[in-house]
Amino acid sequence: MTVVSDPLPPSGVTAGPAGAPDDRPLPLAVVRPRASAHIPELHGLRGLALALVVAFHLFGNGRVSGGVDVFLVLSGFLATGSLLRRADTRSLRLGEHYGRTFARLVPPALLVLAATAALTWWVLPRGTWVQTGRELLASALYYVNWEMIAGQLSYGAAGPQTSPLQHFWSMSVQGQFFLAWPLVVLLVVGVARRLWISSRDLLLVVVGALTVASFVFALNLHGVEQPVAYFHSWARFWELGLGGFLALLLPWLRVPHGLRPLLGWAGLGLVVSSGFVLDGGALFPGPWALWPVTGALLVLLGSGGGAAWGPRRLLQVAPLRFVADISYALYLWHWPLLIAYLHHAGLDRVDPLGAAAIMAVSVALSWLTTKLVADPAQRFREAVGGARALVATAVCVSLVAGGAVVGIRLLERQDAALLAAAEAAAQDAQASYPGALALSPAHRSDVPDDVDVLPAPAVAALDLPAVDDDGCIQENVVNPGTDVPMTCTVTDAPDADHVVVMVGDSHMIQWAPAMAEVGSRENWEVLLLARRGCRLAAPVGAVDPADMCWSWRINALERLEELQPDAVVVIGSRTSTSEPGDTVIPAEARAWRQLANAGIRVVTLRDNPRFGFQVPACVEQHADSVSCARARADVYSPVNPVEEAEGVPDSAVHLDLTRYICGDQLCQGVVGNVLIYRDDNHMTATYAGTLARPLHNALRVKAPWLFVDPMKPPAVRTRF
């Protein structure tokens with residue numbers, strides 16, 4: 001089978017010899033393949049895969065098509081054979097090669113990044129600007145997939161909470177591959193020369209071993225942290241590796257001409273059906289990603305056949321060729337336009353008419369970008385050479401990255417000033433910012449409506465409890481040793497009258513400001529055992545030792561039994577955005593019984609509301625409070641469910657402070673001029689501080705054993 005690369009330059013550069021792919025492995029690059037030297041199926045497959053990516057993003061209601069997985073296979077396929085040929089003939093010059101590669105990738109990407117920055121300023125909430133700035137910087141430098149992992153972002157359907165640069169993760173994975181793979185190939189070829197063995201054979205072994213190792217890693221990581229695996233470069237390498245492995249095997253493969261059309265059609269069927277059959281956003285890059293990957297490999301294996309009934313004619317139709325020619329720019333443009341449209345229109349999901357409009361605008365911008373940016377950049381590279389083009393590209397990237405760094409620093413300074421102003425105003429003008437106390441029946445003064453909300457929505461995400469910065473709150477990761485509970489000190493009292501331990505996940509952590517106020521007043525030692533995403537629970541039977549969350553829960557229960565505190569405070573119920581009312585989780589009630597059997601009293605707090613949208617962004621965009629509210633009846637059951645749940649120990653006491661979070665009818669985003677939420681379900685530290693007095697009073701009534709003299713009236717203190 002004759003195989004020659006599809007993405008050839010428009011002019012001035014000839015293809016390699018028959019059987020060798022071209023040396024510019026850009027799966028989405030804008031190209032004009034020459035009929036004399038290309039794989040028609042490959043170019044058409046690129047167009048089809050890209051069309052599926054865009055169509056599913058716009059019309060698929062969040063489903064993932066598998067098109068990106070096809071691109072990864074094609075990248076590995078095109079890069080590996082080409083690099084080996086050039087390294088074997090000693091014609092691979094890194095400066096020239098990187099210049100050829102990144103002169104094609106970078107100019108369109110920088111244009112879209114600049115446009116995304118403008119769209120962010122125009123339509124996205126101020127609170128998203130800093131994170132978007134970090135992602136702009138990371139996208140320009142090809143590490144945004146790691147930025148998304150660090151920011152604990154999971155891949156999801158387009159919506160108001162989705163990053164406008166989410167799609168750049170795949171460009172970063174490929175960019176990292178394009179940077180590292182030439183070095184790997186050169187190293188392998190150098191070793192092969194010293195050992196007097198075939199460089200192709202040695203590279204085949206190396207690629208095979210790396211591919212298998214990556215696949216095993218992806219399977220393991222997918223099983224415990226699928227959102228991380230989705231963006232992880234090493235968890236994605238096996239898709240690139242399979243493409244490279246096939247490129248190295250091709251010289252030895254002799255696929256019968258009669259079988260090629262069958263392979264091509266089978267592969268095409270797998271590629272097209274992937275998004276309809278599988279939920280790739282949840283299943284990839286696990287074993288189900290083999291569905292579109294195998295499809296791409298089969299199309300490549302079936303290419304070159306002359307049978308009239310093969311898929312070549314379909315993959316050569318003009319619309320697919322056109323989409324393939326503008327595919328890189330189309331991939332870059334469609335996603336930020338989609339996110340900007342959702343924010344501008346105030347929608348959670350794009351409507352069909354809006355999707356069609358976004359498609360039309362994306363195609364137009366992609367064609368213009370190809371003609372006015374990508375093609376001139378290639379002509380410039382051909383005129384000055386790859387090495388000089390690389391220098392020019394590096395300068396452009398540096399300017400964009402430098403601008404992003406300056407913008408981030410300015411925004412961070414503004415955020416710090418806003419947080420400081422919020423803290424000062426909350427302390428100096430409590431009458432204007434009563435927060436939760438505005439919902440108290442005893443509150444008599446009118447709350448002014450001519451003051452700014454505190455904290456400002458732009459910095460709500462930064463309004464965290466002080467304990468959040470102490471480094472003792474554990475993340476929900478799978479690393480060995482992370483199941484050993486760490487102890488945070490919320491209130492330090494060497495001669496404490498009582499010891500109270502707060503245990504749970506982020507919904508427990510958010511109560512730390514209120515509990516700190518109570519603990520300071522009553523001379524308690526207040527401790528916190530917290531792991532994000534892990535509420536205190538007890539299993540039935542053995543648990544998987546690799547499940548760090550369950551191991552942490554078991555260890556936390558043992559730690560509590562050792563401490564023998566006077567009270568353990570937990571979140572008692574769980575609210576939802578999809579089901580009306582709140583519920584009690586049986587595994588959590590089992591943990592409370594275990595503590596009760598050990599002589600430890602449990603105090604439960606009813607969970608706060610969860611919203612299906614970012615509350616600070618909503619408050620920033622809407623002047624009225626109803627637009628950012630949920631009906632109380634949709635959030636809470638008529639009666640606190642922990643009062644009636646089976647298995648709850650009789651010794652436990654239950655606090656329901658929801659009257660200080662929600663009104664009788666609505667759960668709003670702002671109460672008493674204080675913004676309640678810093679995202680879609682966590683309270684700001686400022687609002688949690690205003691819950692100190694209600695929490696203190698409720699504990700006096702329900703947990704009198706914690707007080708030296710429960711009938712003694714509280715003294716006057718700051719914030720109380």
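Predicted model, so just to flag it, every value in this text is computed and none were measured.

Cut-offs used in this document
Residues numbered from 1 in each chain as written. Predicted model: local features only at pLDDT ≥ 70, side-chain atom pairs only at ≥ 80, totals over all residues. Heavy atoms only, no water. Helix = DSSP H or I, 4+ residues; strand = E, 2+ residues; numbered from the N terminus. Buried < 20%, exposed > 50% of the residue type's maximum accessible area, 1.4 Å probe, protein only. Contact = heavy atoms within 4.5 Å. Areas by Shrake-Rupley, 256 points an atom, 1.4 Å probe, with all protein chains shown as cover. Disulfide = S-S within 2.5 Å. Phe/Tyr/Trp six-rings, centres within 6.5 Å; stacked < 30°, edge-to-face > 60°. Lys NZ or Arg CZ within 6 Å of the ring centre and 35° of its normal. Core = buried A, V, L, I, M, F, W, Y, C linked by side-chain atoms within 4.5 Å. pLDDT = per-residue confidence, 0-100. Salt bridge = Lys/Arg side-chain N within 4 Å of Asp/Glu carboxyl O. Pairing = 2+ DSSP bridges. Axes fitted to C-alpha atoms, helices over the stretch in contact; angles between N-to-C directions. Right-handed = clockwise from strand over helix to strand, strands pointing away. Polar contact = N/O pair within 3.5 Å; in protein donor to acceptor, adjacent residues only side chain to side chain. Expected span 1.5 Å × (residues − 1). Parallel < 35°, antiparallel > 145°, perpendicular 65-115°, else oblique. Left-handed = near helix turned anticlockwise from the far one by under 90°. Nonpolar A, V, L, I, M, F, W, Y, C, P; charged D, E, K, R; others polar.

1. Notes on the overall build of the protein
Here is step 1: If you tally the helices and strands in the protein, you get 25 helices and 10 strands.
Here is step 2: Every one of the 720 residues in the protein was classed for burial, and the buried ones make up 55%.
Here is step 3: If you take every contact in the protein between residues at least 6 apart in sequence, the share linking residues at least 24 apart comes to 79%.
Here is step 4: Accessible area of the protein: about 29000 Å², with a carbon and sulfur share of 60%.

2. Some words on the state of the cysteines
Here is step 1: For the coordinates displayed, the defined rule picks out four disulfides.
Here is step 2: C534 shares a disulfide with C549; S-S distance 2.0 Å. In this pair, C534 is assigned in the loop between strand 3 (524-530) and helix 20 (548-563) and C549 in helix 20, connecting sequence segments 15 residues apart. We note that C534, like C549, is buried.
Here is step 3: Put simply, C662 and C667 are joined by a disulfide, and their sulfur atoms are 2.0 Å apart. The sign of the S-S torsion, about 105°, decides the handedness of the disulfide formed by C662 and C667: right-handed. Like C667, C662 is buried.
Here is step 4: Across the protein, the disulfide pattern expressed with sequentially numbered bonded cysteines is 1-2, 3-4, 5-6, 7-8.

3. Considerations on the packing of aromatic side chains
Here is step 1: Considering all chains together, one arrives at 16 aromatic pairs under this definition.
Here is step 2: Look at W288 and W291: their rings are 6.2 Å apart centre to centre, the planes differ by 40°, and that puts the pair in the tilted class.
Here is step 3: Residue class for W288 comes out partly exposed when judged on its relative accessible area of 45%.
Here is step 4: A relative accessible area of 24% places W291 in the partly exposed class.
Here is step 5: A network of ring pairs unites the aromatic residues F177, F178, W181, W234 and F237 as a single cluster.
Here is step 6: Sitting over the ring of Y230, R236 keeps its end group 4.5 Å from the ring centre.

4. Topic: the nonpolar core
Soluble globular proteins tend to bury their nonpolar side chains together.
Here is step 1: One finds L45, F77, F168 and W181 to be the most contacted residues of the largest nonpolar core, which totals 108 residues.
Here is step 2: Once you skip the residues sitting within four places of it in the chain, W181 turns out to touch A79, T80, L83, V207, L210 and F237.
Here is step 3: Counting residues in hydrophobic clusters, the runner-up holds 58 residues, among them A512, V653, I676 and L706.

5. Considerations on the confidence of the model for the protein
Parts of the prediction with low pLDDT should not have their coordinates interpreted in detail.
Here is step 1: Within the protein, residue pLDDT values average 87, and 90% of them lie at 70 or more.
Here is step 2: The model gives residues 1-37 a pLDDT under 50, and that stretch makes 121 contacts with residues more than four places away or in other chains.
Here is step 3: Within the model, the stretch residues 710-719 combines pLDDT values under 50 with 19 contacts to residues more than four positions away or in other chains.

6. Remarks on the pattern of salt bridges
Here is step 1: The final tally for this structure, using the stated rule, is 14 salt bridges.
Here is step 2: For the salt bridge of R532 with D468, the shortest nitrogen-to-oxygen distance reads 2.6 Å. Remark: D468 occurs in the loop between helix 17 (386-428) and strand 1 (488-491) and R532 occurs in the loop between strand 3 and helix 20; sequence separation between them is 64 residues.

7. Quick notes on the sheet that holds strand 5 (residues 602-605)
Within a sheet, neighbouring strands are paired by backbone hydrogen bonds and run either parallel or antiparallel to one another.
Here is step 1: Taken in spatial order, the six strands make up an open sheet running 1-3-2-4-5-7, and their pairing is mixed. What marks the edges here is a single partner per strand, and that holds for strand 1 and strand 7 (653-655). Neighbour-to-neighbour, the strand axes of this sheet turn through a mean angle of 25°, independent of strand direction.
Here is step 2: Sheet topology note: the strand 2 (residues 498-504)/strand 4 (residues 567-571) ladder contains three bridges and is parallel. Counted as the bridge partner of V500 is A567 from strand 4.
Here is step 3: Helix 21 (residues 586-597) rests against strand 4 and strand 5 of the sheet, and its axis sits at about 175° to strand 4.
Here is step 4: On top of the sheet, helix 25 (residues 692-702) reaches strand 3, strand 5 and strand 7; it is set at about 155° to strand 7, its chief contact.

8. Some details on the pairing of strand 4
Here is step 1: Burial analysis of strand 4 places five of its five residues in the buried class, the great majority of the element.
Here is step 2: Judged by which residues are buried, strand 4 turns out to be covered on both faces: A567, V569 and I571 on one side and V568 and V570 on the other are all buried.
Here is step 3: As defined by bridge partners, strand 4 adjoins strand 5 across four bridges and the pair is classed as parallel. Residue pairing across strands places V570 opposite T604, the latter belonging to strand 5.
Here is step 4: You can see the chain leave strand 4, run along helix 21 and come back into strand 5, and the turn it takes is right-handed.

9. Digging into the side chain of T690
Here is step 1: The topology assignment puts T690 in helix 24 (residues 685-690).
Here is step 2: At 3.0 Å, the side chain of T690 forms a polar contact with the backbone nitrogen of A436.
Here is step 3: Within the local environment of T690, its side chain forms a polar contact with the backbone oxygen of Y687, the two atoms lying 2.6 Å apart.

10. With respect to the pairing of strand 2
Here is step 1: Judged by how many residues are buried, strand 2 sits mostly within the fold: six of seven residues are covered.
Here is step 2: Sheet topology places strand 2 next to strand 3; seven bridges connect them, and they run parallel. Paired with G504 across the strands is A530, a residue of strand 3.

11. Overview of helix 2 (residues 67-88)
Here is step 1: Taking 1.5 Å of rise per residue, 22 residues should cover 32 Å, and helix 2 covers 32 Å from first to last C-alpha, within 8% of that figure.
Here is step 2: The element helix 2 is largely enclosed, with a buried count of 21 among its 22 residues.

12. Observations regarding the packing of helix 15 (residues 327-345) against helix 16 (residues 352-384)
Packed helices, taken two at a time, are described by the angle their axes make and the gap between the axes.
Here is step 1: One can describe the packing of helix 15 onto helix 16 by two numbers: an axis separation of 8 Å at closest approach and a directional angle of 140°. Taken together, the axes of helix 15 and helix 16 lie oblique to each other. Every pair of crossing elements has a handedness; the one defined by helix 15 and helix 16 is right-handed. Listed contacts from helix 16 to A329, L330, W333, H334, L337, L338 and Y341 of helix 15 are G354, I358, V361, S362, V363, L365, S366, T369 and T370.
Here is step 2: Counted by class, the contact of helix 15 with helix 16 contains 10 nonpolar, six polar and no charged residues.

13. Quick word on the environment of G481
Here is step 1: Relative to the helices and strands, G481 resides in the loop between helix 17 and strand 1.
Here is step 2: With a relative accessible area of 48%, G481 lands in the partly exposed category.
Here is step 3: It is 8.3 Å that separates the C-alpha atoms of G481 and M548, two residues lying 67 residues apart in sequence.

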